[in-house]
Amino acid sequence: MGAGTDDAGLTLLADPTRARIVRMMRDSADGRVLVGRVAESLGLRQPTVSHHMSALHAEGIVQREKDGRRVWYSLDPAHEERVTTLLGPPPTGGEADLSRVIDDLTARYRGVFSPETVARYVTDSHQMLIAAGRPALEVSRTASFAASRLDDLTRIDGHPPDRPSVLFVCVQNAGRSQIAAGILRQLAGDRVIVRSAGSAPAADVRSSIVYALDEIGVPIGGEFPKPLSDEAVRAADWVITMGCGDACPVYPGRRYLDWDLEDPVGKPTATVRRIRDDIESRVRDLLPELVTSTV
């Protein structure tokens, strides 16, 4: 990866993967970020700074701060080592205190699950997330993941299903499965329970996916990559896999589909949009069958 510095003090990084220029920038004298210079180097033409920011995020380029400097870098996995060298590893924090999460979920599931069961699921969910790579917001994500697994457990334990449940699974749960889950939630509302998971989950949903969904009015909300759990598969009526091979266990009584879809990670915006539109078409075709019957 080539590097150099121009007369404005901007460090340049060549991106061989997409033939882009990724600029590491510092604040100008008046404190304003030189967003326009970055966007110009990428051939982007937008009317305002906020539009520049959106366009940059759509290209998979994000910003972090170090020692008062704002540093732009590519989300391409090939640049991870370089970014870590420049910025250092993300903060890991101390050991998570899960007692509040356990207490809150014990109250939430009182009469359904014992405190011991709740504590076991919270601890196990935290360990699963850590094993996949220590995430940002790990305690709140642990709470969400544990609650999702406990909800799935209620379906497994014989509570009559009032609506169908669909599980989308891909490798990282950061692209295809998140697109499918987001679109189905938007179209079906409360009529369908929607889950997604990954056989090898990433740290976060790809920014290119977030912006591709935003373009069609689909919010990502608080969704994040989650490990594939046994409860999610057992509670699902439909399991739809996307490139995760044999990682998903097979249980009788579920409907399994495998969608052969290109992985959008690292692809240009036009390709991500095409994959998104393909997934949307498949979800729309599936929806009528979902809302008229359960397994």
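All values derive from a computational prediction rather than experimental measurement. (Residues numbered from 1 in each chain as written. Predicted model: local features only at pLDDT ≥ 70, side-chain atom pairs only at ≥ 80, totals over all residues. Heavy atoms only, no water.)

## Let's talk about the overall build of the chain
Threshold: Secondary structure is summarised from DSSP: a helix means a run of H or I of at least four residues, a strand means a run of E of at least two, and numbering begins at the N terminus for each. Summary of the burial criterion: residues with accessible area below 20% of their type's maximum are buried, those above 50% are exposed, and those between are partly exposed, where the area comes from a 1.4 Å probe applied to protein chains only. The contact definition used throughout considers only heavy atoms, calling two residues in contact when any of these lie within 4.5 Å. Areas reported as accessible are Shrake-Rupley estimates using a 1.4 Å probe. Residue values count occlusion only from the protein chains shown.
Secondary structure summary: the chain contains 10 helices and 9 strands in total. Put simply, the chain has 295 residues, and 45% of those count as buried. Sequence separation of at least 24 residues holds for 61% of the intrachain contacts in the chain that already meet a minimum separation of 6. When the accessible area of the chain is evaluated, it comes to approximately 14,500 Å², of which 50% is carbon and sulfur surface.

## What to know about the sheet that holds strand 7 (residues 193–198)
Quick reminder of the rule: Two strands make a pair as long as DSSP finds a minimum of two bridges between them. Axis lines are fitted to C-alpha atoms, over the contacting stretch for helices. Their N-to-C directions set the angle, which ranges from 0 to 180 degrees.
Read across the sheet, 4 strands follow the order 7-6-8-9 without closing on themselves; strand pairing throughout is parallel. Across the chains shown, the open sheet's two edge strands, defined by having one partner strand only, are strand 7 and strand 9 (255–258). With strand direction ignored, the average angle separating the axes of adjacent strands in the sheet is 20°. In terms of strand pairing, strand 6 (residues 165–170) meets strand 8 (residues 238–242) through 5 bridges, oriented parallel. Considered in strand 8, the bridge of L167 is made with V239.

## Observations concerning helix 7 (residues 176–188)
Convention followed: What a helix is expected to span follows from its residue count: subtract one and scale by 1.5 Å.
Between its first and last C-alpha atoms helix 7 spans 18 Å; for 13 residues at 1.5 Å apiece the expected length is 18 Å, and the two agree. Of all the 13 residues making up helix 7, 10 are buried; the element is thus mostly covered by neighbouring parts of the structure. Those residues of helix 7 that fall on the buried side of the exposure criterion are R176, S177, Q178, I179, A180, A181, G182, I183, L184 and A188. Those residues of helix 7 that are buried are in contact with strand 6, strand 7, helix 8 (207–214), strand 8 and helix 10 (269–292). Just downstream of helix 7, G189 is the residue with a positive phi angle, here 60°.

## Remarks on the nonpolar core
So the rule is basically this: What is meant by a nonpolar core is a set of buried Ala, Val, Leu, Ile, Met, Phe, Trp, Tyr and Cys residues, joined one to another through side-chain atoms within 4.5 Å.
In this structure, V166, F168, L184, M242 and W259 are the most contacted members of the largest nonpolar core, which totals 29 residues. Ranked by residues supplied to this core, first place goes to helix 10 with 7 residues. Core analysis: the next-biggest nonpolar cluster, separate from the first, contains 14 residues, V101, F113, V118 and L153 among them.

## Considering the pairing of strand 7
To keep it simple, the criterion reads: Call a crossover right-handed when, viewed with both strands pointing away from you, the route from the first strand across the helix to the second goes clockwise.
Of all 6 residues that make up strand 7, 6 are buried, and the element is covered over most of its length. Of the two faces of strand 7, both are covered, the one formed by I193, R195 and A197 as well as the one formed by V194, S196 and G198. Note that strand 6 and strand 7 share 6 bridges and pair parallel. When the bridges of strand 7 are listed, S165 appears paired with I193. Once the chain exits strand 6 it traverses helix 7 before rejoining the sheet at strand 7, and the crossover so formed is right-handed.

## Some thoughts on the packing of helix 7 against helix 10
Selection criterion: In what follows, roughly perpendicular refers to angles from 65 to 115 degrees, roughly parallel to angles under 35, roughly antiparallel to angles over 145, and oblique to any angle outside these ranges. Helix crossings fall into two classes, left-handed where the near helix is turned counterclockwise from the far one by less than a right angle and right-handed where it is turned clockwise.
One can describe the packing of helix 7 onto helix 10 by two numbers: an axis separation of 9 Å at closest approach and a directional angle of 45°. In terms of orientation, helix 7 and helix 10 fall into the oblique class. In this structure, helix 7 meets helix 10 at a crossing whose hand is right-handed. Within the contact between the two elements, helix 7 uses R176, I179, A180, I183, L184, L187 and A188 and helix 10 uses R276, I279, E280, V283, R284, L287 and L290.

## Description of the packing of helix 4 (residues 99–108) against helix 5 (residues 115–131)
How two helices pack is summed up by the angle between their axes together with the distance between the axes. Put simply, the rule reads: For this scheme, ten residues count as nonpolar: Ala, Val, Leu, Ile, Met, Phe, Trp, Tyr, Cys and Pro. Four count as charged, namely Asp, Glu, Lys and Arg, and the remainder, Gly too, count as polar.
Interhelical geometry of helix 4 versus helix 5 gives an angle of 135° and a closest axis separation of 9 Å. In terms of orientation, helix 4 lies oblique with respect to helix 5. Taken as a pair, helix 4 and helix 5 cross one another with a handedness that is right-handed. Contacts between helix 4 and helix 5 involve V101, I102, L105 and T106 from the first element and P115, V118, A119 and V122 from the second. Taken together, the residues of the contact of helix 4 with helix 5 break down into 7 nonpolar, 1 polar and no charged.

## Examining the pattern of salt bridges
A pair can form between side chains of opposite charge whenever their charged atoms are brought close. Using the following cut-off: A carboxyl oxygen of Asp or Glu within 4 Å of a side-chain nitrogen of Lys or Arg is what we treat as a salt bridge.
Within the structure shown, the criterion is met by 19 salt bridges. A salt bridge links D124 to R149; the nearest nitrogen and oxygen atoms lie 2.8 Å apart. With a gap of 25 residues between them, D124 in helix 5 and R149 in helix 6 (residues 138–156) connect regions that are remote in the sequence. Classification of D124 as partly exposed rests on a relative accessible area of 29%. A salt bridge links E215 to R273; its shortest N-O distance comes to 2.6 Å. Of the two residues, E215 is situated in the loop between helix 8 and helix 9 (230–235) and R273 in helix 10; the sequence distance between them amounts to 58 residues. Residue classification places R273 among the partly exposed residues on the basis of a relative accessible area of 34%. Salt bridges linked by common partners bring E215, R273, R276 and D277 together as one network.

## Brief notes about the environment of E223
For clarity, the cut-off: Counting of polar contacts relies on pairs of N or O atoms within 3.5 Å, with two restrictions inside protein: one atom must be capable of donating a hydrogen and the other of accepting it, and residues adjacent in sequence are counted only when both atoms are side-chain atoms.
Of note, E223 is situated in the loop between helix 8 and helix 9. Along the backbone, E223 and S144 are 79 residues apart, and their C-alpha atoms lie at a distance of 9.3 Å. Excluding residues that lie within four positions of it along the chain, E223 makes contacts with Q178, R185, S196 and V205. There is a polar contact of 3.3 Å between the side chain of E223 and the side chain of R185.

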